[in-house]
Amino acid sequence: MNDLRKKLKDKKRIVVKIGSSSLQHPETGDLDYIKMDILVRELCNIRNMGKDVILVTSGAIACGRKAVHLKKTTSISEKQACAAIGQARLMTTYQRIFSEYSHQAAQILMTRNTIVADLNRYNAQNTFNKLLEMGVIPIVNENDTISTFELDEVVGDNDTLSAIVTALTGADLLILLSDINGLYTDDPRKNPDAEFVDTVECLTDELMSMGKGTTGSDSGTGGMETKLTAAKIATYSGADMVIANGKDVRIIHRILEGRNYGTIFKANKNEDFNFAEFVDNLHK
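Residues numbered from 1 in each chain as written. Predicted model: local features only at pLDDT ≥ 70, side-chain atom pairs only at ≥ 80, totals over all residues. Heavy atoms only, no water.

Student: Got a sec to walk through the packing of helix H7 (residues 118-133) against helix H8 (residues 159-169)? Specific residues and values, please.
Tutor: With their axes 10 Å apart at the nearest point, H7 and H8 run at an angle of 80 degrees to one another. If you check the angle between H7 and H8, you find them roughly perpendicular. Contacts between H7 and H8 involve Arg 121, Ala 124, Gln 125 and Phe 128 from the first element and Val 165, Leu 168 and Thr 169 from the second. Of the residues that constitute the contact of H7 with H8, the class distribution is four nonpolar, two polar and one charged. (Axes fitted to C-alpha atoms, helices over the stretch in contact; angles between N-to-C directions. Helix = DSSP H or I, 4+ residues; strand = E, 2+ residues; numbered from the N terminus. Parallel < 35°, antiparallel > 145°, perpendicular 65-115°, else oblique. Contact = heavy atoms within 4.5 Å. Nonpolar A, V, L, I, M, F, W, Y, C, P; charged D, E, K, R; others polar.)

Student: Break down the environment of Leu 177 for me, citing the residues and quoting the values.
Tutor: Take Leu 177: it is sitting in strand S5 (residues 173-178). Looking at Leu 177, the relative accessible area reads 0%, which means it is buried. (Buried < 20%, exposed > 50% of the residue type's maximum accessible area, 1.4 Å probe, protein only.)

Student: So what about the sheet that holds strand S4 (residues 137-142)? Which residues, and what values?
Tutor: Pairing between the strands of a sheet comes from backbone hydrogen bonds, and it takes one of two forms, parallel or antiparallel. Taking strand neighbours across the sheet as the criterion, the eight strands line up as S3-S4-S2-S1-S5-S9-S10-S8 in an open arrangement whose pairing is mixed. Bordering the open sheet on either side are strand S3 (105-110) and strand S8 (199-200), each of which pairs with just one other strand. Alignment of strand S1 (residues 13-18) against strand S2 (residues 52-57), held across six bridges, turns out to be parallel. Bridge pairing in S2 links Val 16 to Leu 55. This element, H7, spans S1, S2, S3 and S4 of the sheet and lies at about 170 degrees to S3. Here H8 sits on the sheet and contacts S1, S2, S3, S4 and S5; the angle it forms with S1, its principal contact strand, is near 170 degrees. (Pairing = 2+ DSSP bridges.)

Student: How would you sum up the pairing of strand S9 (residues 240-245)? Please name residues and give values.
Tutor: Across a regular strand the side chains alternate sides, sitting on one face of the sheet and then on the other. Counting buried positions along S9 gives five out of six residues, so the element sits mostly inside the fold. Two elements, S5 and S9, share six bridges in a ladder whose sense is parallel. By the bridge assignment, Leu 177 is partnered in S9 with Ala 244. Relative to strand S10 (residues 263-265), S9 runs antiparallel, the two being bridged by three bridges. Opposite Met 241, over in S10, you have Phe 265 as the bridge partner.

Quick look at the structure:
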C-alpha cells in the first residue's frame, strides 16, 4: 500500500460516479437492483463515518428507453423524452433504497449553463453545501430533458460532470466507477499488450494522448479520453481521483481503506485553473 492510497481513508468529501453500464443487467438492460442496493449501502456507510458523499449517476435515458420498450434512441427529442421518463424512475428507486438505510437523498440536475453562468454556479454551490450540512446525500445527473449539450456526448457518460461536481463542492476525492480496471497505455480490449498504470503523479501531454480514440460501452458514452479530462479538472482543483471497475461496487470501501484497486491520480492543485472557464471552452 503506497502512501498516496493510505491517505484516502482521511478524505472528508467524496464524489462517486457510476455509469449506465454499471447499473444495468447486460442481458436485458433492466436496472440491477442488487447492485444499486449495495451501492447505496456503501454510500450510506461513508455518510455514517461522518464524511460528506455525493453520487453522480448515469442511467436515466437507458432506464426510460427500457420503460417504453425502445431498443435505441435515434433523435435528440427521443433521448430527451426517455430521460424524462427514466430520471423519475431512477430517482424513485434510489429514494426507496436510501430510505431503507435511514438516509435522505436529494436530486440535483445540472446543465453546462449551471457551471459557466456565475450566478447559477454560485447557487448550485450553495445548494450542495446546505444539503451536505443537513446530512443529505445529493444525487446528481445531467439534465438531459432540456439540454442538448450533454446529449452530444461532450461530457462522456457523466465523467466530466463528476469532476465538475468535485471542483464545485471542494471535494477531496473523486471515485470514477467504470467498466474497466483503470488507466492502460492503450485500450486493453483491443491491444493485449496494453499495460496497466497504477499511479499517475501528474498529467503529461503523453498521458493525455493515451485516451484518444477510446470509446465506452453500448450503454454509456464515456471512453478513457473523458476520464482523463475528468482527471484534469479534479486534480487541478485539488482532489485525488481513482478510476476503478464498478462491476463490484463494494470496491468503494476497499478504495477508501487504501487497498490497491484501480488507477490513482494524485491531486495537483493549480491556483490558475478555472474549471468553469475550462468547461466553457470544451469542444468549442
